[in-house]
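Coordinate inspection notes
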Amino acid sequence: MTPQEIHDNLKAKFGTAVADAKLDALQPWIGLAPDRTLEVCRFLHDEAGFEFDYLSCLSGVDYNDGKLGVVYHLFSMNQKHKIVLKALCTREQPHIQSVSQVWGTANWHEREAFDMFGIVFDGHPDLRRILCGDDYPGHPLRKDFKVPEFYNGMKVPY
Amino acid sequence: MLTEFGKVLIFFILGAVFVAGGLIVSWLLRPHKPYPAKLTSYECGEEPIGHAWVRFNVRFYVLALVFLIFEVEIIFLFPWALVYRELGLFAFLEMAVFLLILWVGYAYVWVKGDLNWDKPEPKVPTLSRQFQQTGRPEPARI
Amino acid sequence: MGILNYKFEKSNIVIASLDGLLNWARLSSLYQMQFGLACCAIEMMAASASNFDIMRFGVIPRATPRQCDVMIVSGTVTLKMATRIKRLFDQMPEPRYVISMGSCSNCGGPYWEHGYHVLKGVDRVIPVDVYVPGCPPRPEALLEGLIKLQEKVRQESLAKKTVR
């Protein structure tokens, strides 16, 4: 299936859940609404003809214009096609629906996005920090992050 | 002059002196600086949860007990084996009676299953959700 | 046997000071607390393997800190790990030594500028005796660091008070 067909099918089925798209980029991507990612992704996973059973990567992004986002890279082992999904949210309301029920690998990837960017995934079974310490102040990969001076009595900067 | 038993006593005393001497010298020479962080239980660097004294499985006790009984039997067999030739048939029959009594106990322990090494029940992992793939077989449950 | 065979040329008597004997015994059997954290751990494993063989110096890796003399911190020390390192160092009995292997545990290494969760040098939490530079240091460099530590142990004395 070409990205254009995937986009048309999704638009026909979900309407407002599918936002903008850029299908002539090097990796064609389709934008999603942040509170409806679960149903779209479940459709993409289960439906015959799509069968996106492999989530290669789920990464958080801090777009410098006040928006945070999550980028999903999907691949299908049967149909051998791939697509990229993007879900954006604001800094004040950093909530995106979790897709960990669809792909098991999304569990830890979403924990990493939460740890590094502060994006809260609704419906995640175990959302806690995975890389930094549990009491680490702030979310490191945000653009406005400042390295703390002391952490647990240890001086952090050089 | 020392009797034979006296020589054994010297042997025991020297053994005790060796052990005690080693322990005392190392007690004199080693540093001893305990402080609370050093005395915590080892838990790979984490804060220890609970204490380090765990319950042992009872199979160790059963094995030690059975071993002790048959070890004492073997100790009794050794001097008998040395004078067996001179004493003739009577010694053989007497030892046979002794062994027979112990074999009855051995058979009882065997049949009752006390010689089995109890392994803890293995926990088999199961998949928590069903895979639903079109056109692909379901993966095997472990 | 390097030390003893000279003494037996003239007579059968060996005279050694207690300090010398004790230090020789301690430096020849520095049990190692295996603490491989990152890439330097691979080089530490290479040093333990047959080509460079750190065990011929008496350095045997032990899994528990209670039986160790030296902790070779090899690899990047994150802030999360640093509390564990401090606890494990506390649980080692005296006499204990620390070899910091590689740039990351010496001074933060390549993460010194932007590392938000890297401890810039393990000497911010535990006292270090020998620093082995390199990224990662070759196994021969680690062996030289170990020999320098042995020289340090050789100078110790029962009468003098040690800091650790």
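Structural data are supplied above this passage.
Here's a quick rundown of the structure. (Residues numbered from 1 in each chain as written. Chains lettered and ligands numbered in written order. Predicted model: local features only at pLDDT ≥ 70, side-chain atom pairs only at ≥ 80, totals over all residues. Heavy atoms only, no water.)

Concerning the overall build of chain B
Check the secondary structure of chain B and you find four helices and zero strands. In sequence order, chain B lays out its α and β elements as α-α-α-α. Sorting the 142 residues of chain B into buried and exposed places 8% on the buried side. Put simply, of all contacts in chain B between residues at least 6 apart along the chain, 41% involve residues at least 24 apart. For chain B, the accessible area works out to roughly 13100 Å², and carbon and sulfur atoms hold 73% of it. (Helix = DSSP H or I, 4+ residues; strand = E, 2+ residues; numbered from the N terminus. Buried < 20%, exposed > 50% of the residue type's maximum accessible area, 1.4 Å probe, protein only. Contact = heavy atoms within 4.5 Å. Areas by Shrake-Rupley, 256 points an atom, 1.4 Å probe, with all protein chains shown as cover.)

Notes on the interface of chain B and chain C
With 14 residues of chain B at the interface, the matching set in chain C holds 19 residues. Per-residue buried area on chain B facing chain C is highest for Leu29, Lys38 and Tyr42 of chain B; these three make up 42% of the total on that side. Counting every contact that joins chain B to chain C gives three salt bridges. Linking Glu46 of chain B and Arg84 of chain C is a salt bridge whose minimum nitrogen-to-oxygen distance equals 3.0 Å. At the boundary of chain B with chain C, the tally comes to eleven residue pairs in polar contact (both at pLDDT 80 or more). Of all the elements, helix 2 (residues 36-39) of chain B adds the most residues to the side of chain B that touches chain C, at three residues. (Buried area = accessible area lost by both parts, 1.4 Å probe. Salt bridge = Lys/Arg side-chain N within 4 Å of Asp/Glu carboxyl O. Polar contact = N/O pair within 3.5 Å; in protein donor to acceptor, adjacent residues only side chain to side chain.)

A look at the sheet that holds strand 5 (residues 82-90) of chain A
Residues and elements named next belong to chain A. The five strands lie next to each other as 1-2-5-4-3, forming an open sheet whose pairing is mixed. At either end of the open sheet lies a strand with only one pairing partner, and these are strand 1 (18-22) and strand 3 (54-63). Taken over all neighbouring pairs, the strand axes of this sheet differ in orientation by 25 degrees on average, direction set aside. By the bridge criterion, four bridges tie strand 2 (residues 29-32) to strand 5 in an arrangement that is parallel. Note on strand 5: the bridge partner recorded for Ile30 is Leu85. Where helix 3 (residues 106-117) meets the sheet, its contacts fall on strand 3 and strand 4 (67-75), and the angle it forms with strand 3 comes to roughly 10 degrees. (Pairing = 2+ DSSP bridges. Axes fitted to C-alpha atoms, helices over the stretch in contact; angles between N-to-C directions.)

A few points about unusual backbone geometry
Note that the residue after Glu94 of chain C, namely Pro95 of chain C, is joined by a cis bond; omega there is -10 degrees. Of note, Pro95 of chain C is situated in the loop between helix 4 (79-90) and strand 4 (97-101). Note that the residue after Cys135 of chain C, namely Pro136 of chain C, is joined by a cis bond; omega there is -5 degrees. Assignment of secondary structure puts Pro136 of chain C in the loop between strand 5 (130-132) and helix 6 (139-154). In this model, Asn152 of chain A sits at a positive phi of 55 degrees, which is unusual for a non-glycine residue.

Quick word on the pairing of strand 4 of chain C
Residues and elements named next belong to chain C. By the criterion of burial, strand 4 is predominantly enclosed, with five of the five residues buried. The side-chain alternation of strand 4 yields two buried faces, one formed by Tyr97, Ile99 and Met101 and the other by Val98 and Ser100. In the sheet, strand 3 (residues 70-74) pairs with strand 4 via five bridges, with the strands oriented parallel. Its bridge partner being in strand 4, Met71 is matched across the sheet by Val98. The pairing of strand 4 with strand 5 spans three bridges and is parallel. Residue pairing for strand 5: Ser100 is matched across the bridge by Tyr131.

Describing the packing of helix 3 (residues 59-87) of chain B against helix 4 (residues 89-112) of chain B
All names here are of chain B. Where helix 3 meets helix 4, the closest approach of the two axes is 10 Å, and the angle between their N-to-C directions is 165 degrees. As the angle between them shows, helix 3 and helix 4 are arranged roughly antiparallel. Crossing of helix 3 against helix 4: the hand is left-handed. Of the residues in helix 4, those in contact with Val66, Ile69, Phe70, Glu73, Phe76, Leu77, Trp80, Tyr84 and Leu87 of helix 3 are Leu89, Phe90, Ala91, Phe92, Met95, Phe98, Leu99, Leu102, Tyr106 and Val109. When its residues are assigned to classes, the contact of helix 3 with helix 4 shows 18 nonpolar, no polar and one charged. (Parallel < 35°, antiparallel > 145°, perpendicular 65-115°, else oblique. Left-handed = near helix turned anticlockwise from the far one by under 90°. Nonpolar A, V, L, I, M, F, W, Y, C, P; charged D, E, K, R; others polar.)

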